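Geometric and topological summary
As a plain string of letters, each chain reads:
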Amino acid sequence: MSDQAINDDKFNALLGKVMGDVGGAIGLLMAYMGDQAGVYKALESTGPCSHEYLAKKTGVDARYLREWLSANAAAGYVDYDAGNDTFSLSPEQAAIFSHEGEPTCMQGFFQSVVAQYEEHETAVDVFKTGRPRPWSEHSPCCFCGTDRFFRPGYAANLVQNWIPALDGVEAKLNAGAKVGDIGCGLGSSTILLAQTYPNSRIYGFDFHGPSIEKAKEKAKEAGLTNIEFHEVTAKNFPGDDYDFICIFDALHDMGDPVGAAAHIKDSLNADGTFMVVEPLAADTLGENLNLLAAIFYGFSTTICVPTSKAQEVGLALGAQAGEKRISDVLKQAGFGRVHRATETPTNMVLEARK
Ligand SMILES: C[S@@+](CC[C@H](N)C(=O)[O-])C[C@H]1O[C@@H](n2cnc3c(N)ncnc32)[C@H](O)[C@@H]1O
């Protein structure tokens, strides 16, 4: 035990923060439940109303709904009018809790957190034993949450900002290019590319069979004919002479990112481009002590590092590897030119050429 005296101010500041985190942890579960039961959407479309009225609209038990709305009102997730005993959703609350598919909607984030809590016993076991945890050992909620969390960011940035930031890639995609999306998961980025660039042929590759099946279904629903999905590892995907290959938030999950990047380099044509989208991070832990990093290091502890350790080499870059470390991986793989093409508040976009 430390013999240092507790500084009351520091203690109270930390306690206040931790209490906020506890409120957030239970609040996210409330938010996710409301999302799954359609309550936020119903409240937004109805406007100010009593809990009984909302219960009739949603089919949720009125007593449960009253308690849930009370938790939400106390947390500031919904507004409460004490005079009329009614609840409502402000435009700001609706943007965060109800507007599915928009970059402001945080429900994918919530779902990703809930998926980790859902499997807390596995997380503890992996942590205590040091055993690897393959990607496939997460709950389906994790795969959907990951997709739902990342999709709005891709929808807002990929075509508008990221592709135009790369040297000559947009023109090639418009004219008709051969494109690979490696570690494509449920295929949201792949589908977006196929929809935006109909002259191009887009191949989505991922080693997780259930994700590839979902991606195929989504592409079929979208009526796309310029897209293919295959279950295969990043080191073994087929084809050559690709004009453009991309990886979205997946390189750091790979056991052998150098091997994967080397295979990508060999699969590109001489003038091809490799785009790597990774979580934004500084190069050292000392520079990374902020809220975004705390979130990513958390997910990285339960998902990214154990996923990488479950594969050959097991480099375990983690979700906060930083530009320097990722660039080193790309250079070790044989890429001659690597630079940061652009970034968002949560992602950095690296461009690599032979
Ligand atoms: C965090 S998810 C990102 C998925 C998708 N790119 C997205 O942004 O929504 C990481 C993905 O990498 C895939 N993955 C991890 N290691 C892989 C490997 N060695 N080969 C192929 N896919 C891999 C996982 O199956 C998972 O779908």
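Numbers given for residues are sequential positions, taken from 1 along each chain in its written order. The model is predicted, so local features are restricted to residues of pLDDT at least 70 and side-chain atom pairs to those at 80 or more, both for listing and for counting; the totals for chains, interfaces and linings are taken over all residues. Hydrogens and waters are ignored; side-chain quantities use all the structure's heavy atoms.

1. Some points on unusual backbone geometry
With a phi close to 50°, Asp249 is a non-glycine residue in the positive phi region. Within the secondary structure, Asp249 is located in the loop between strand 6 (242-248) and helix 12 (257-267). Helix and strand assignments come from DSSP, with helices taken as H or I runs of at least 4 residues and strands as E runs of at least 2, each series counted from the N terminus.

2. Side note on a nonpolar patch on the surface
Patches here are clusters of residues that have more than 30% relative accessible area and form no salt bridge, with a 9 Å joining cutoff for like charges and a 5 Å cutoff for nonpolar side chains (Val, Leu, Ile, Met, Phe, Trp, Tyr). Calculation of accessible area relied on Shrake-Rupley with a 1.4 Å probe; when residues are assessed, cover is drawn exclusively from the protein chains displayed. Note on definitions: salt bridges are taken to be side-chain nitrogens of Lys or Arg within 4 Å of carboxyl oxygens of Asp or Glu. A grouping of Ile6, Phe11, Leu15 and Met19 is seen on the molecular surface, where their side chains present a nonpolar patch of about 420 Å² in accessible area. Note on placement: Ile6 falls in the segment before helix 1 (8-36). On the basis of relative accessible area, Ile6 is assigned to the exposed category, the value being 61%. Only protein chains enter the area calculation, which uses a 1.4 Å probe; residues under 20% of their type maximum are buried, those over 50% are exposed, and those in between are partly exposed.

3. Let's talk about the site of the ligand
Whether a residue is near a molecule or strand depends on its heavy atoms: if one lies within 4 Å, it is near. Surveying the vicinity of the ligand reveals 19 residues, the closest of which are Tyr154, Gly183, Asp206, Phe248 and Gln311. With respect to the ligand, the side chain of Tyr154 contributes an N or O atom lying 2.5 Å from an oxygen atom. Between the ligand and Phe248, the relevant distance is 2.8 Å, taken from a nitrogen atom to a main-chain nitrogen or oxygen of the residue. Expressed as a share of its isolated accessible area of 590 Å², the protein-covered part of the ligand is 95%. A per-element tally of the shell around the ligand places helix 8 (residues 140-162) first, with three residues. Polar contacts here mean pairs of N or O atoms no more than 3.5 Å apart (in protein, one a potential hydrogen donor and the other a potential acceptor; neighbouring residues in sequence count only if both atoms are side-chain atoms).

4. Comments concerning the pairing of strand 3 (residues 178-182)
A large share of strand 3 lies buried, amounting to four of its five residues. Strand direction decides the pairing type here: strand 3 and strand 4 (residues 201-206), joined by five bridges, are parallel. Paired with Val179 across the bridge in strand 4 is Ile202. Call a crossover right-handed when, viewed with both strands pointing away from you, the route from the first strand across the helix to the second goes clockwise. One crossover worth recording links strand 3 to the parallel strand 4 by way of helix 10 (residues 188-196), and it is right-handed. In terms of strand pairing, strand 3 meets strand 6 through four bridges, oriented parallel. Bridge pairing in strand 6 places Asp181 opposite Cys246. We treat two strands as partners when DSSP finds at least two bridges between them.

5. A closer look at the domain arrangement of the protein
Each assigned domain of the protein is listed here: domain 1 (8-98) and domain 2 (112-353). Contacts between residues were defined by any pair of non-hydrogen atoms, one from each residue, lying within 4.5 Å. At the interface, five residues of domain 1 touch five residues of domain 2. Three residues, Leu28, Tyr32 and Asp35, lead the burial of domain 1 against domain 2; their summed loss comes to 74% of the area buried on that side. Scanning the region where domain 1 abuts domain 2 turns up one salt bridge. Where Asp35 meets Arg148, a salt bridge forms, and the shortest distance between an N and an O atom there is 2.9 Å. There are one residue pair in polar contact (both at pLDDT 80 or more) connecting domain 1 and domain 2. Segmentation into domains, and thus their bounds, comes from an automatic or database assignment. The term buried area means the drop in 1.4 Å probe accessible area that two parts suffer when joined, counted for both and summed.

6. Looking at the packing of helix 8 against helix 10
Running from N to C, helix 8 and helix 10 cross one another at 30°; their axes reach a closest spacing of 9 Å. Regarding the angle of helix 8 to helix 10, the classification is roughly parallel. Read as a crossing pair, helix 8 and helix 10 show a hand that is right-handed. When helix 8 is examined against helix 10, the residues Asp147, Arg151, Tyr154, Ala155, Leu158 and Val159 are found in contact with a partner set consisting of Ser188, Ser189, Leu192, Leu193 and Thr196. Side-chain classes follow a simple rule in which Ala, Val, Leu, Ile, Met, Phe, Trp, Tyr, Cys and Pro form the nonpolar group, Asp, Glu, Lys and Arg form the charged group, and the remainder, Gly included, forms the polar group. Split by residue class, the contact of helix 8 with helix 10 holds six nonpolar, three polar and two charged. All axes here are fitted lines through C-alpha atoms, helices being fitted over the stretch that makes contact, and every angle between N-to-C directions spans 0 to 180 degrees. Any angle that is under 35 degrees is reported as roughly parallel, and any over 145 degrees as roughly antiparallel; angles of 65 to 115 degrees are reported as roughly perpendicular and all others as oblique. In a left-handed crossing the near helix is turned counterclockwise from the far helix by less than a right angle, and in a right-handed crossing that turn is clockwise.

7. Quick notes on the packing of helix 1 against helix 4 (residues 62-75)
Between helix 1 and helix 4, the shortest axis-to-axis distance is 10 Å and the interhelical angle comes to 130°. Considered as vectors, helix 1 and helix 4 are oriented oblique to each other. Of the two elements, helix 1 crosses helix 4, and the hand of that crossing is left-handed. Residue-level inspection shows Met30, Met33 and Gly34 of helix 1 in contact with helix 4, the latter providing Trp68, Ala71 and Asn72.

8. Regarding the state of the cysteines
Note on terminology: pairs of cysteine sulfur atoms within 2.5 Å are recorded as disulfides. This model, assessed by the stated rule, comprises zero disulfides. Unpaired in this structure, Cys142 has its nearest cysteine sulfur neighbour in Cys141, at a distance of 7.7 Å.

9. Digging into the sheet that holds strand 9 (residues 347-353)
Overall, mixed pairing links the seven strands, which are arranged 5-4-3-6-7-9-8 in an open sheet. Each end of this open sheet is capped by a strand with a single partner; those strands are strand 5 (227-231) and strand 8 (337-343). Going from strand to strand, the sheet's axes swing by 20° on average, the running direction of each strand aside. Across six bridges, strand 6 lies against strand 7 (residues 268-279) in parallel orientation. Bridge assignment links Phe244 to a residue of strand 7, and that residue is Thr273. Sheet strands touched by helix 12: strand 3, strand 6 and strand 7. Its angle to strand 7, the strand with the most contacts, is close to 145°.

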